[in-house]
Every structure is written in C-alpha cells, then in structure tokens.
Amino acid sequence: MLADLQQLSDETAKLAAAPLWPLTDPELTDCLHTAYRLEQIAATLQARLVHEATTRGLPTTQGHRTTRSWLRSQLRIDPQPARELADRATLLHHHPAIEQALLDSHLNARQATAIATTLEAIPRDLANLDQTGLDQAGSGPVDPGESARIVDQAQNTLIEMAARLPAFQLRRVGERILAYVAPHLADQADQAALARQEARAHARRSFTLSAPVNGMIHLRGTLGVEDAATLQAALHPLCTPTPGDKRSPAQQRADALIDICRLALRTNQLPDDGGQPPQVTVTVAYDPLTQALGTATTDTGHRLSATTARRLACDARILPLTLDGPGQILDAGRSRRLATGVLRQALAVRDRGCAHPDCDHPPRWTDAHHLTAWADGGTTTLNNLVLLCRHHHRLIHHPTAGWKIRLGPDQLPDFIPPPDIDPQQHPRRNLYHPRP
C-alpha cells in the first residue's frame, strides 16, 4: 500500500505542475471537480489511517497525550486542523455508511462530519422520552428497534440532502432532523437535546486572547446561545451604520466590543482590581527638551506608538513620574483626572455627543480630546476640549488623516477636512446633535 501511495503522490504532483492553458473551459471545470474528489478520498484515507494509529496506541507510545498532539507533531499542522482530523477519524469509524458515501463522492469531508455529528446527537434512548407526552400524542412507546430505524432514516435523509446543502446548512437541518423522520418524537427529543446542548455549551464556554503578532491580538471564544444573544444585544446598537461609515461589519463589531468595555470601565460598578478601580495603565517616556512622547508600554507589556499614547492621554488619569537612568522613581506628581465632574458635564451640554460632523454617538461613548495636546502644554479647559467617539478620536490622532479642529467665534468646534475630502477645506460641524 505504501508503494502505491507514493506512486500516486508522485503522479499527482506531476499533474499539479502540468500547464493548464491547453484545457478548454469545460475540461478545466471537470478537472477541478475531479481534483476536489481526489482530495475528499484522500481525507477519508487520512481518517482511516489516524483511527488505526489511535487503535494501535501509536500516539501514546510515542510520548503524546492525545491523537491531536501526535498529529500536530507528525504532520506539522495547526491545532484546529489536527482536532478536526482526529474527530473525523472517530466519527467515520462509528458511521461506516457515511464513510462509504464519502468514498463514493456523495459527500465531502465537512458534510460527512456534520452528518455524523448530527447522528451522534440523536438520543439512543428514544424509548425513554416523556412517555406521558407520547401517550397523549397517541404514539405509544418507542422500542429499541424503532430507535435504530429512526437513526438510519435520519442518516439516509441527510446524505440525500447533501446533494444540495453545504455542511453549515446540514448542521442547521440536523438540529431538527427528527421533524423530518419522526415528527411524533421531535418536540420531546428537542427538549432533551436542548437541555444537553445548553449544559454542554455552558461547560465549554471560553474566551482567550493570543500574544500579539504584528500588532494584532487574536480573540477566540465559545458561548452558549443565551450568552451569545446577550452579547449581540449589546453590540447591535453600536453597529448601526452611519452615513459615510466605510468600516466592514466585522470592524464595526470589533469597535462596538471595545466601546462596551470602555463604557463598563466608566460605570464605576466593576469590582476593584488590585485595590483600585480597573483601568488601562500605560507607561510612556517623555523628553522635556523636545517635549515629545516616546514609545508607550501597557501594563501587559505590549508596546504602543507615541500617537496612540497621546490619544489615550486625552481622557486618562495622568501620573507624572521622574526617573533616573536606571529607571528609579525620583519624584511622583499628584494624580489628576482630566475633564471630569462639572467640566465633563459642560462638554456634554455643549457638544451633545461626538462633535465630529454628523456622528450620532452620545456623550457617554466619547473621550474628551485636547485641541492642544496636554503633553504640549494644552490646558484642561472647556475651550481646549471637544468630545469625540473612539473611532473619530483615533481618526483625529492618525498622522495622515489630515483633519483639524478649532473653535469657531461662538466657541463651538469646527472640523477642517483634509484637501482630499474638500479641496476648499470649508469648516464642518455636527448637524445630528441638537445645539443648546
């Protein structure tokens, strides 16, 4: 078998490198379908090999705790593909008819996994469902033989549906498969399945943040349906598109999540962290000769640009620290909160929310931005402050954005757009928020 596989691999590699320009359009499409079928057959063979290796105990004898970690080592693949391959190997072994349908090109690997997962979720004790409900429905008990027949019928139905439905739709259909093959049991089985599903989802809930790579931190999490509904309810009002908003839906959700966290930090209802209210702590070097900020560092050890540090300083508690060469603290000034109390209220009354032209974010979702930066000697006074939402605050601080802000004769903020937006650079104001 090994020699045959090696020969097939070599021949497939030659085909993959062959020129494609001689192919007609129909031939190109046919070759694509055939290559895809070859990939699915290879996926079936991989799953069978993995199951055989697991049965023989190869992962354990080679020093691995799980088949997944063994696959990562052997194939040099990432955790997610290793997990999917290990799970597929187990599922296909338990469902030989699905494995054969995959070999016969009636399914692809993801469809096969979706169907097998659905079948695993069907209660094997259908006879023990709420008999009161069944008797009232006039159906009577379900014997074990009928339970097996229902599972087989569900399998056949889903394999037939796979001719038209991709894997994600098969999973959705699978959630209500008994409504197709055993309507008299669907409601009771759904209630039992939902109870198990909710308990499993609660136990498996998770949220992780990766280490930064190229300034990006990947978020990964798993929530139950109820928790996800709560999250979506909080995100949705912050994701409503505004005129001229060029952010993608994913970018809107990311910004909304941070807005929610910033709002929670402002409520003063979060528990103390280390004996003080939770806060973002940033350390930044300051050169008194050039009056310039250097690279900033968060309390998690991640670096931020001076531009970002300047933006954060607009609405933060500032604690100046004088350090000598080795970094020892020589003098600590008093901590002072910027734009709070009456001053913050006055800003909210004046600007009514984010003052950027036609932004609709209310005052509680804004920062107080210094027109002349505090690090440059700007004062924390009403005529040197303007309210900006997080998105527009970031825009104003962006070195290439080109927006400028000044107070007009009536002491209301005017926004001067960059020449690529308005060559005449006519001042603009927010027309959305009503003025006092």
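Because the structure is a prediction, the values reported are computed rather than measured.

1. Structural notes on the overall build of the protein chain
Inference 1: Each helix and strand counted, the protein chain has 17 helices and 13 strands in total.
Inference 2: Considering the protein chain as a whole, with its 436 residues, one finds that 30% of them fall into the buried category.
Inference 3: Total accessible area on the protein chain stands at roughly 27800 Å², and carbon and sulfur atoms take up 55% of it.

2. Considerations on the packing of helix α5 (residues 79–94) against helix α6 (residues 96–103)
Inference 1: Viewed as axis vectors pointing N to C, α5 and α6 meet at an angle of 110°, and their least axial separation amounts to 5 Å. It follows from the interaxial angle that α5 and α6 lie roughly perpendicular. Residues L92, H93 and H94 of α5 lie in contact with α6, whose contacting residues are P96, I98, E99 and L102.
Inference 2: When its residues are assigned to classes, the contact of α5 with α6 shows four nonpolar, two polar and one charged.

3. Some remarks on the side chain of D414
Inference 1: Mapped onto the fold, D414 is located in strand β13 (residues 413–416).
Inference 2: On the accessibility criterion, D414 (9% relative accessible area) is buried.
Inference 3: The contacts of D414, once residues within four sequence positions are left out, are K404, I405, R406, G408, P427, R428 and R429.

4. Focus on the nonpolar core
Inference 1: Core analysis: the largest hydrophobic core is formed by 37 residues, its most contacted members being L71, I98, L107, I115, L119, L158 and L170.
Inference 2: Residues contacting L158, with those up to four places away along its chain left out, are I115, T118, L170, V173 and I177.
Inference 3: Residues C354, C359, L388 and A401 belong to the second largest nonpolar core, which totals 11 residues.

5. A few points about α5
Inference 1: Between its terminal C-alpha atoms α5 stretches 23 Å, which fits the 22 Å expected from 16 residues at 1.5 Å a residue.
Inference 2: Regarding α5, the residues found buried are A82, L85, A86, R88, A89, L91 and L92.
Inference 3: Where the residues of α5 are buried, they touch α2 (25–56), α4 (67–75), α6 and α7 (109–121).

6. Considerations on a nonpolar patch on the surface
Inference 1: Taken together, the side chains of M1, L5, L8, L38 and L49 make up a nonpolar region of the molecular surface, amounting to roughly 450 Å² of accessible area.
Inference 2: Among the elements of the structure, α1 (2–17) and α2 are those that each provide at least two residues to the nonpolar patch.
Inference 3: With respect to the helices and strands, the residue L49 is situated in helix α2.

7. So, the pairing of β13
Inference 1: Neither face of β13 is open: one carries P413 and F415, the other D414 and I416, and all of them are buried.
Inference 2: For strand β12 (residues 404–407) and β13, the ladder comprises four bridges, and the chain directions are antiparallel. Bridging from a neighbouring strand, I405 pairs with F415 of β13.
Inference 3: Adjacent in sequence and paired antiparallel, β12 and β13 are bridged by five residues, among which Q411 carries a positive phi angle near 65°.

8. Structural notes on the confidence of the model for the protein chain
Inference 1: Here the protein chain averages 80 in pLDDT, while 83% of its residues score no lower than 70.
Inference 2: Below pLDDT 50 for its whole length, residues 130–139 participates in 14 contacts with residues either more than four positions away or in separate chains.
Inference 3: With pLDDT under 50 throughout, residues 321–337 is counted as low confidence; its partners more than four residues away or in other chains account for 27 contacts.

9. Describing the pattern of salt bridges
Inference 1: Taken as a whole and judged by the stated rule, the model has 10 salt bridges.
Inference 2: A salt bridge links R172 to E175, with the shortest nitrogen-to-oxygen separation between them at 3.9 Å.
Inference 3: The exposure class of R172 is exposed, given its relative accessible area of 59%.
Inference 4: A salt bridge links R429 to D414; its shortest N-O distance comes to 2.5 Å. You can see R429 sitting in the segment after β13 and its partner D414 sitting in strand β13, a full 15 residues away along the chain.
Inference 5: Through salt bridges with shared partners, a single ionic network connects R247, D255 and R390.

10. A look at the environment of A163
Inference 1: By secondary structure assignment, the location of A163 is in the loop between α9 (144–161) and α10 (167–174).
Inference 2: We classify A163 as exposed; its relative accessible area is 67%.
Inference 3: Sequence separation between A163 and S105 is 58 residues, and the spatial gap between their C-alpha atoms is 9.9 Å.

11. Quick look at the pairing of strand β10 (residues 366–370)
Inference 1: Among the five residues of β10, five are classified as buried, and the element is accordingly described as predominantly covered.
Inference 2: Of the two faces of β10, the one carrying T366, A368 and H370 and the one carrying D367 and H369 are both buried.
Inference 3: Sheet topology places β10 next to strand β11 (residues 385–389); five bridges connect them, and they run antiparallel. Looking at the pairing, H370 lines up with L385 of β11.

12. Concerning the packing of α5 against α7
Inference 1: Viewed as axis vectors pointing N to C, α5 and α7 meet at an angle of 60°, and their least axial separation amounts to 10 Å. Classified by the angle between their axes, α5 and α7 sit oblique to one another. When the axes of α5 and α7 are compared, the crossing they make is left-handed. Contacts between α5 and α7 involve E84, R88, L91, L92 and H94 from the first element and A109, R110, A112, T113, A116, T117 and E120 from the second.
Inference 2: Class assignment of the residues belonging to the contact of α5 with α7 gives a composition of five nonpolar, three polar and four charged.

13. Side note on the state of the cysteines
In a disulfide, the sulfur atoms of two cysteines are held together by a covalent bond.
Inference 1: On inspection of all chains with the given rule, the structure shows zero disulfides.
Inference 2: There is no disulfide at C359, and the cysteine sulfur nearest it, in C354, is 3.7 Å away.

About the cut-offs
- One numbering rule holds for all chains: residues counted from 1, following each sequence as written.
- Note on the predicted model: pLDDT of at least 70 is required for a residue's local features to be given, and 80 or more for side-chain atom pairs to be given and counted; whole-chain, interface and lining totals, by contrast, use all residues.
- Values shown for side chains rest on all heavy atoms present in the structure; no hydrogens or waters enter the calculation.
- By definition, any uninterrupted DSSP run of H or I lasting at least four residues is a helix, any uninterrupted run of E lasting at least two residues is a strand, and each is numbered from the N terminus.
- Remark: exposure states derive from per-residue accessible area (1.4 Å probe, protein chains only) relative to the maximum for the residue type, with buried under 20%, exposed over 50%, and partly exposed in between.
- Method for areas: the Shrake-Rupley scheme with a 1.4 Å probe, in which residue coverage is limited to the protein chains shown.
- Fitted lines through C-alpha atoms serve as axes, helices being fitted only where they are in contact, and the angles separating the N-to-C directions of these axes extend from 0 to 180 degrees.
- In what follows, roughly perpendicular refers to angles from 65 to 115 degrees, roughly parallel to angles under 35, roughly antiparallel to angles over 145, and oblique to any angle outside these ranges.
- Contacts: residue pairs with any heavy atoms within 4.5 Å of one another.
- In this count, Pro and Cys sit with the nonpolar residues alongside Ala, Val, Leu, Ile, Met, Phe, Trp and Tyr, while Asp, Glu, Lys and Arg are called charged and the others, Gly among them, polar.
- What we call a nonpolar core is a set of buried Ala, Val, Leu, Ile, Met, Phe, Trp, Tyr and Cys residues that are connected through their side-chain atoms within 4.5 Å.
- Take the residue count of a helix, subtract one, and multiply by 1.5 Å to get its expected span.
- Residues forming no salt bridge and having over 30% relative accessible area are the ones grouped into patches, like charges within 9 Å of each other and nonpolar side chains (Val, Leu, Ile, Met, Phe, Trp, Tyr) within 5 Å.
- What counts as a salt bridge is simple: a side-chain nitrogen of Lys or Arg found within 4 Å of a carboxyl oxygen of Asp or Glu.
- Two strands qualify as a pair provided DSSP detects at least 2 bridges between them.
- For every residue, the predictor reports its confidence as pLDDT, a number between 0 and 100.
- In a left-handed crossing the near helix is turned counterclockwise from the far helix by less than a right angle, and in a right-handed crossing that turn is clockwise.
- When the sulfur atoms of two cysteines come within 2.5 Å, that pair is taken as a disulfide.

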